[in-house]
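Observations on chain architecture
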Amino acid sequence: MQTPKAEHSKDSPGSFLERLGLAIADGTLAPRTVLRIDELEAEHKVARSVVREATKVLCSMGMLESRRRLGTVVQEEECWNLYDPQVIRWRLASPGRLDQLRALNELRGAIEPQAARLAAERISLEDGSELVSLAARLWAAGQGDKQEQFLTLDIEFHAAVLRTSGNPMFSQLHNLVREVLSGRTEHGLMPHLPHHEALQLHVDVASAIQRGEAEAAHAAMSRIVEQSTQEMGDIWSRHQGGPASPSSRKARTDT
């Protein structure tokens, strides 16, 4: 007797993609797991077309690979497109989010200070003035306990530095920085209110860039990224009730 076909839910393709991507990112679906369309269709009660579209997207991200006569196979993390904003979000939603944030911050530390240096050498007078104005608005939002506005302005500030570096490859990394800044806020890995030093450092970066002081801009942006890593490690260790990581043990005491 044929098994009755499961009724399809009204689950959207995006929702199913999200669930499948998260399951791969958090290890629920381990590497080398073979996925079959009919099984996914029955288990999740979604249409075959939804399953096909989701697996196609995940294959394009390197998280899955379609193999003839075998099925669709979950790939090792080293195969994933780790720069894809959606992959970043899924990894940040996994238990390994602190390691992900630390890795992203290490990448920021290699790129953003150099972007600030180049911006100081190349920025126009108009863009320099706008960057200083943006830093002032960021300061006001941080002092005024406007967390949502602060996050929006912080993302805008770092994107502006990458853009005004004059390097189009740096500029395209603004999505990566956005996910770092959004992810640490969403997962409670930053102080409720920005520290005074963090606010001052953003002003220092903007002022140095406007004045064309490349080394000062580089140093201030390096400190911003370093401080972010320290804060995340400290907050995570308090949440877990364990010792701080080596990098976070160097952090200053919150005041």
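Above this text sits the structure in question.
The text that follows walks through the structure, step by step, so that each part is easy to find. (Residues numbered from 1 in each chain as written. Predicted model: local features only at pLDDT ≥ 70, side-chain atom pairs only at ≥ 80, totals over all residues. Heavy atoms only, no water.)

**Here's the deal with the side chain of Asp154**
Our working rule: Runs of E in the DSSP output that reach at least two residues are strands. Runs of H or I that reach at least four are helices, and both are numbered from the N terminus. For each residue, the accessible area found with a 1.4 Å probe, counting protein chains only, is set against the maximum for its type, and the residue is called buried under 20%, exposed over 50%, and partly exposed in between. Whether two residues are in contact is decided by their heavy atoms: any pair within 4.5 Å suffices.
By secondary structure assignment, the location of Asp154 is in helix α7 (residues 147–164). A residue is classified by how much of its surface remains accessible, and Asp154, at 2% relative accessible area, is buried. When neighbours within four sequence positions are excluded, Asp154 is seen to be in contact with Leu138, Leu181, Arg184 and His202.

**Some points on α7**
Under the convention used in this document: The span expected for a helix works out to 1.5 Å for each residue beyond the first.
Between its terminal C-alpha atoms α7 stretches 25 Å, which fits the 26 Å expected from 18 residues at 1.5 Å a residue. Of the residues making up α7, those classed as buried are Phe150, Leu151, Leu153, Asp154, Ile155, Phe157, His158, Ala159, Ala160, Val161, Leu162 and Thr164. Within two residues after α7, Gly166 carries a phi angle of roughly 80°, on the positive side.

**A look at the pattern of salt bridges**
For clarity, the cut-off: Salt bridge, as used here, is a side-chain nitrogen of Lys or Arg placed within 4 Å of a carboxyl oxygen of Asp or Glu.
Tallied over the entire structure, the rule returns 14 salt bridges. Residues Glu179 and Arg178 are paired through a salt bridge, measuring 3.0 Å at the closest nitrogen-oxygen approach. Since its relative accessible area comes to 6%, Glu179 is described here as buried. Between Arg223 and Glu197 there is a salt bridge, with the nearest N and O atoms lying 3.1 Å from each other. With a gap of 26 residues between them, Arg223 in helix α11 (residues 214–240) and Glu197 in helix α10 (residues 196–211) connect regions that are remote in the sequence. Of the residues examined, Glu197 reaches a relative accessible area of 28% and is grouped as partly exposed. Each of the salt bridges in this network shares a partner with another, and the network as a whole consists of Arg89, Arg178 and Glu179.

**Regarding the sheet that holds strand β2 (residues 64–67)**
Keep this limit in mind: Pairing between two strands requires that DSSP report at least two bridges joining them.
Pairing is antiparallel across the open sheet formed by three strands, whose spatial order is β1-β3-β2. The two strands at the open ends of the sheet, each matched to only one other strand, are β1 (34–35) and β2. Here β2 pairs with strand β3 (residues 71–74) via four bridges, running antiparallel. If you follow Ser66 over to β3, its bridge partner there is Thr72.

**Here we look at the nonpolar core**
Here is the rule: Residues belong to a common nonpolar core when they are buried Ala, Val, Leu, Ile, Met, Phe, Trp, Tyr or Cys residues joined through side-chain atoms within 4.5 Å.
Membership of the largest hydrophobic core comes to 46 residues, with the highest contact counts inside it found for Leu131, Phe157, Val161, Val205, Ile209 and Met221. For this core, the secondary structure elements donating two or more residues are α4 (85–92), α5 (97–122), α6 (125–143), α7, α9 (174–186), α10 and α11. For this core, the element with the most residues is α5, which contributes nine residues. Apart from residues lying up to four places away in sequence, Met221 is in contact with Glu112, Pro113, Ala116, Phe157, His158, Val161 and Val205. Counting 22 residues, the second-largest nonpolar core is a separate cluster that includes Leu17, Met61, Trp80 and Trp90.

**Focus on the environment of Cys59**
By secondary structure assignment, the location of Cys59 is in helix α3 (residues 48–60). By relative accessible area, which is 28% here, Cys59 ends up partly exposed. Setting aside anything within four residues of it in sequence, one finds Cys59 in contact with Leu64, Glu65, Ser66 and Thr72.

**Focus: helix α2 (residues 37–44)**
Put simply, the test is: This arc is taken over the directions from the axis of the helix to the C-beta atoms.
Buried within α2 we find Ile37, Leu40 and Glu41. Each buried residue of α2 lies within a common arc of 100° when the element is viewed along its axis, so the set occupies one face. The first or second residue beyond α2 is Lys45, which carries a positive phi of 55°.

**With respect to the packing of α6 against α10**
To keep it simple, the criterion reads: For helices, the fitted line uses only the C-alpha atoms of the stretch in contact; every axis is such a line through C-alpha atoms, and the angle between N-to-C directions lies from 0 to 180 degrees. Orientation labels follow simple angle bins: below 35 degrees gives roughly parallel, above 145 gives roughly antiparallel, 65 to 115 gives roughly perpendicular, and whatever is left gives oblique. In the scheme used here, Gly and all other residues not listed as nonpolar or charged are polar, with Ala, Val, Leu, Ile, Met, Phe, Trp, Tyr, Cys and Pro taken as nonpolar and Asp, Glu, Lys and Arg as charged.
Across the interface, α6 lies against α10 with an axial gap of 8 Å and an inter-helix angle of 170°. With respect to each other, α6 and α10 are oriented roughly antiparallel. Of α10, the residues touching α6 (which contributes Gly128, Ser129, Leu131, Val132, Ala135, Leu138, Trp139, Gly142 and Gln143) are His196, Leu199, Gln200, His202, Val203, Ala206, Ser207, Ile209 and Gln210. The class makeup of the residues in the contact of α6 with α10 is nine nonpolar, nine polar and no charged.

**Some thoughts on the environment of Thr33**
Residue position: Thr33 is located in the loop between α1 (13–25) and β1. On the basis of relative accessible area, Thr33 is assigned to the partly exposed category, the value being 25%. Taking the C-alpha atoms as reference points, Thr33 and Val73, separated by 40 residues in sequence, lie 5.6 Å from one another. Here Thr33 is in contact with Thr72, Val73 and Val74, once residues within four sequence places are set aside.

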